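Overview (structure and organization)
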Amino acid sequence: MPINEALPGIQELLSQAEHLSGDGAQGTITINKNNNTLTLHVRITVEKVGEEIEGFIVTFDDITKLVSAQRTSAWGAVARRMAHEIKNPLTPII
C-alpha cells in the first residue's frame, strides 16, 4: 500500500521534503480510525544520490497523549482565570 493511502496528509510533507534542501520536512498528522484519534509528529528526510531522489526516511512520534495533556492543561488555565475573576472582579458592582 502506498504511504499516502495509509497516512492521509503525508503527501504534502513528502512534497515539501523533495523541494527543501537540508533538513527535510516535519509536521503533524491526525488519523481517525475506528473512533480512535492518533496524532503523529512526522519527520521526512530525502535520501539523494547526486540530484536524484533515492528514497525517503520517515520517522513518527506518537504525540497523542502529549496533545491531550496540553489541551487539558489549557482548559485548566481557563477555568482558574474564570474562577479568579468570579471571586475578584475587575470592577466592583455597586
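Scroll up to find the structure.
Below: a short report on this structure. (Residues numbered from 1 in each chain as written. Predicted model: local features only at pLDDT ≥ 70, side-chain atom pairs only at ≥ 80, totals over all residues. Heavy atoms only, no water.)

1. A few points about a nonpolar patch on the surface
- Residues Trp75, Val78 and Met82 make up a contiguous nonpolar surface patch of about 340 Å² in total accessible area.
- Among the secondary structure elements, Met82 is positioned in helix H3 (residues 64-87). (Patch = residues over 30% accessible without salt bridge, like charges linked within 9 Å, V, L, I, M, F, W, Y side chains within 5 Å. Areas by Shrake-Rupley, 256 points an atom, 1.4 Å probe, with all protein chains shown as cover. Salt bridge = Lys/Arg side-chain N within 4 Å of Asp/Glu carboxyl O. Helix = DSSP H or I, 4+ residues; strand = E, 2+ residues; numbered from the N terminus.)

2. Some points on the sheet that holds strand S3 (residues 52-62)
- Here three strands make up an open sheet; going across it, the order is S1-S2-S3 and the pairing antiparallel. Among the strands making up the open sheet, the edge pair consists of strand S1 (25-33) and S3. When the angles between neighbouring strand axes are averaged without regard to direction, this sheet yields 30°.
- Two strands pair when backbone bridges link them, and S1 and strand S2 (residues 36-49) are joined in this way by nine bridges, in the antiparallel orientation. Looking at the pairing, Lys33 lines up with Asn36 of S2.
- Against the sheet, helix H2 (residues 10-19) touches S1, S2 and S3, its axis set at about 25° to S2. (Pairing = 2+ DSSP bridges. Axes fitted to C-alpha atoms, helices over the stretch in contact; angles between N-to-C directions. Contact = heavy atoms within 4.5 Å.)

3. Details of the pairing of S3
- Of the strand pairs in this sheet, S2 and S3 are connected by 10 bridges, and their pairing is antiparallel. Residue Arg43 lies in a different strand from S3, and its bridge partner there is Thr59.
- Taking the residues that link successive antiparallel strands as the turn, the S2-S3 hairpin has two residues, and the phi of Gly50 there is positive, at about 70°.

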